[in-house]
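# An overview of the molecular structure
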Amino acid sequence: MSDRTFRVHDAGLFISSSTGELDRRMLTNRPDYETFNRLLAVFANFGFQIGRDPQVEERFKIIGKYHREGRRPTPAGDLWISAHVYPAGMEFEFFQQVVTVNSHGGRYDFDRREKMPYLIGKAFEAALRRARAHLGGRGFTEEVKISSPIPDPMAYFNAQWDMEHERRTGTHRFRRGPDGWPDESVIGNYGQNLDRDKVKIEHGSVRFFRTHRGHLMRGRCYGGINGRWMVIYGPGLRDYTHVSSWELFLCDPREVPRRLHPDGEKRLKAALGKAVEAEDFERAIAMRDALRRAA
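Residues numbered from 1 in each chain as written. Predicted model: local features only at pLDDT ≥ 70, side-chain atom pairs only at ≥ 80, totals over all residues. Heavy atoms only, no water.

### Considering the packing of helix α1 (residues 33-45) against helix α4 (residues 118-137)
Here is the rule: Where helices are involved, their axes are fitted lines through C-alpha atoms of the stretch in contact, as for all axes, and angles between N-to-C directions lie from 0 to 180°. Secondary structure elements are taken from DSSP: a helix is a run of H or I of four residues or more, a strand is a run of E of two residues or more, and numbering for both begins at the N terminus. The cut-offs work like this: below 35 degrees is roughly parallel, past 145 is roughly antiparallel, 65 to 115 is roughly perpendicular, and the gaps in between are oblique. Crossing handedness is defined as follows: a turn of the near helix away from the far one that is anticlockwise and smaller than a right angle gives a left-handed crossing, while the clockwise case is right-handed. When checking whether two residues touch, look at their non-hydrogen atoms; a contact exists if any pair is within 4.5 Å. The nonpolar class holds Ala, Val, Leu, Ile, Met, Phe, Trp, Tyr, Cys and Pro. Asp, Glu, Lys and Arg form the charged class, and all remaining residues, Gly among them, are polar.
Running from N to C, α1 and α4 point in directions that differ by 140 degrees, and their axes come no closer than 10 Å. One way to sum up the angle between α1 and α4 is to call them oblique. Between α1 and α4 the crossing geometry is right-handed. Contacts between α1 and α4 pair Thr 35, Arg 38, Leu 39, Val 42 and Phe 43 from the former with Ala 127, Arg 130, Ala 131, His 134 and Leu 135 from the latter. Taken together, the residues that form the contact of α1 with α4 break down as six nonpolar, two polar and two charged.

What follows is the structure, encoded as structure tokens:
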């Protein structure tokens, strides 16, 4: 077998597992029934009552053998599981029917883990621990999604850009420099690694930028693919953004405004024109001086 990996997202367990054997009846790879049935047995030993999925049996009976449904009682209500095996792997979706939004039931809700009452949620976590232990014991590797570049910007960059081939071969997308980041041959074309003042941006170098509301921000820059730089400006998991190279610049923050309205120059010019038209020359002089300061 190859591609023996799994990942957890929300209240779902998704497993990649290919047997490499041809199912002559379906003319596709034969699903990994061994892993599927072993996991169903793990859940059954944890108290799930598992059988055919009644919705699939009613509507699409021909594919019923690929689907299972189960439930486990808890003091707060039942924890349900919907399982499906297919040629490239399988998935196990957990849900409950106590707190729901979708009119068709909790099976079709978003954010299913968040909606679980406390005791149902703890039962889900316990079932997931057993599944993880079983899969790890059989040689499966968990893929953990990296959702923030903090504290490891390179790991986040690789997770965003590496494709399945790179992950499988242990390589990375794009030619890399000695520091592990894309080198100049990748990001040096068309000024993608030059800031607003045509100064070269190095990975990890500090630059300033302004938010869409004109606030001055400072951070370290990484990446640079297609001229877009990942800028980390704080210690929190969400303290980062992506900025085009021409929006980055060097400055002395003591000598520039903390906030500069994005359309400030345009508005000042319009105000200057109105003041001149109205022959309000004192205001026109004030607008002129403000424009000079902004420049």
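### Regarding the sheet that holds strand β12 (residues 228-232)
Sheet strands associate in pairs through backbone hydrogen bonding, adopting either a parallel or an antiparallel arrangement. Defined as follows: The pairing criterion is simple: DSSP has to find at least two bridges between the two strands.
The strand order across the open sheet formed by four strands is β10-β11-β12-β13, and the pairing between neighbours is antiparallel. Two strands close off the open sheet at either side, each with one partner strand: β10 (206-210) and β13 (240-244). Looking at each pair of strands side by side, their axes are set apart by 50 degrees on average, direction ignored. Here five bridges tie β10 to strand β11 (residues 216-223), and the two strands are oriented antiparallel to one another. Across the sheet, residue Phe 208 finds its bridge partner in β11, namely Arg 218. Contacts between helix α5 (residues 153-161) and the sheet are confined to β11, β12 and β13, with β12 contributing the most and set at about 145 degrees to the helix.

### A word on the pairing of strand β6 (residues 67-74)
Note that strand β5 (residues 49-52) and β6 share four bridges and pair antiparallel. Across the sheet, Gly 51 pairs through a bridge with Glu 69, a residue of β6. From the end of β6 to the start of strand β7 (residues 77-86), which pair antiparallel, there are two residues.

### A word on the pattern of salt bridges
Our working rule: When a carboxyl oxygen of Asp or Glu lies within 4 Å of a side-chain nitrogen of Lys or Arg, that pair is called a salt bridge. Accessibility here uses a 1.4 Å probe with only protein chains present; expressed as a share of the type maximum, an area under 20% marks a residue as buried, one over 50% as exposed, and anything in between as partly exposed.
Per the counting criterion, the structure on display carries 18 salt bridges. A salt bridge links Glu 69 to Arg 107, with the nearest nitrogen and oxygen atoms 3.2 Å apart. Within this pair, whereas Glu 69 is found in strand β6, its partner Arg 107 is found in the loop between β8 (89-96) and α3 (112-115), the two being separated by 38 residues in sequence. Of the two residues examined, Glu 69 and Arg 107, each falls in the buried class. Put simply, Glu 202 and Lys 200 hold a salt bridge, and the shortest N to O gap is 3.8 Å.

### Thoughts on the nonpolar core
Where we set the bar: Joining through side-chain atoms within 4.5 Å is the link that ties buried Ala, Val, Leu, Ile, Met, Phe, Trp, Tyr and Cys residues into a set, and such a set is a nonpolar core.
Leu 13, Ile 15, Phe 43, Phe 48, Leu 79, Phe 92 and Phe 94 are the most contacted members of the largest nonpolar core, which has 29 residues in total. It is α4 that contributes the most residues to this core, eight residues altogether. For Leu 13, the contacting residues outside a window of four places in its chain are Phe 6, Arg 7, Val 8, Met 90, Glu 91, Phe 92, Leu 128, Ala 131 and Leu 135. Of all hydrophobic cores here, the second largest spans 16 residues; its members include Tyr 156, Cys 221, Tyr 222 and Val 231.

### Some details on the environment of Asp 239
Stated precisely, the cut-off is as follows: In protein, a polar contact requires one atom able to donate a hydrogen and another able to accept it; more generally it is a pair of N or O atoms within 3.5 Å, and residues adjacent in sequence count only if both atoms are side-chain atoms.
Position of Asp 239 among the secondary structure elements: in the loop between β12 and β13. Taking the C-alpha atoms as reference, Asp 239 lies 22 Å from Asp 252; in sequence the two are 13 residues apart. Leave out the neighbours within four places in its chain, and Asp 239 touches Ile 150, Val 231, Ile 232, Tyr 233 and Gly 234. Among the polar contacts listed, one links the side chain of Asp 239 to the backbone nitrogen of Gly 236, at a separation of 2.7 Å.

### A word on the side chain of Asp 195
Mapped onto the secondary structure, Asp 195 falls in the loop between α7 (184-187) and β10. Overall, Asp 195 belongs to the buried group, its relative accessible area being 2%. Look past the residues within four positions of Asp 195 in its chain and what remains in contact with it is Ile 201, Arg 207, Ser 245, Leu 248, Phe 249 and Leu 250.

### Things to note about α4
It helps to recall that an α-helix has 3.6 residues per turn; residues three or four apart then point in one direction. Under the convention used in this document: Expected helix span is computed as 1.5 Å times (number of residues minus one).
Taking 1.5 Å per residue, 20 residues should reach 28 Å; α4 reaches 29 Å between its end C-alpha atoms and fits that length. Taken residue by residue, α4 has Ile 120, Gly 121, Ala 123, Phe 124, Ala 126, Ala 127, Leu 128, Ala 131, His 134 and Leu 135 as its buried positions. Positive backbone phi, at 90 degrees, marks Gly 139, one or two positions downstream of α4.

### So, the environment of Glu 69
Residue Glu 69 is classed as buried on the basis of its relative accessible area of 14%. Remark: the alpha-carbon pair of Glu 69 and Leu 237, spanning 168 residues in sequence, is separated by 37 Å. Aside from chain neighbours lying at most four places away, what touches Glu 69 is Gln 49, Ile 50, Gly 51, Arg 52, Asp 53, Pro 54, Trp 80, Ile 81 and Arg 107. A polar atom in the side chain of Glu 69 sits 3.2 Å from the side chain of Arg 107.

### Some thoughts on the packing of aromatic side chains
Using the following cut-off: In this scheme Phe, Tyr and Trp rings, the latter by its six-membered ring, pair at centre separations within 6.5 Å, and the angle between planes marks the pair as stacked below 30 degrees, edge-to-face above 60, and tilted otherwise. The criterion for a charge sitting over a ring is simple: Lys NZ or Arg CZ within 6 Å of the ring centre, and within 35 degrees of the ring normal.
Under the counting rule described, the total for this entry stands at 16 aromatic pairs. With a centroid separation of 6.3 Å and 40 degrees between ring planes, the pair formed by Phe 157 and Trp 161 is classed as tilted. One end of the pair is Phe 157 and the other is Trp 161, both in helix α5 and four residues apart, which spans about a single turn. Judged by relative accessible area, which is 5%, Phe 157 ranks as buried. Residue class for Trp 161 comes out partly exposed when judged on its relative accessible area of 25%. The ring of Phe 249 has Arg 196 sitting right over it, with the charged end atom 4.2 Å from the ring centre.

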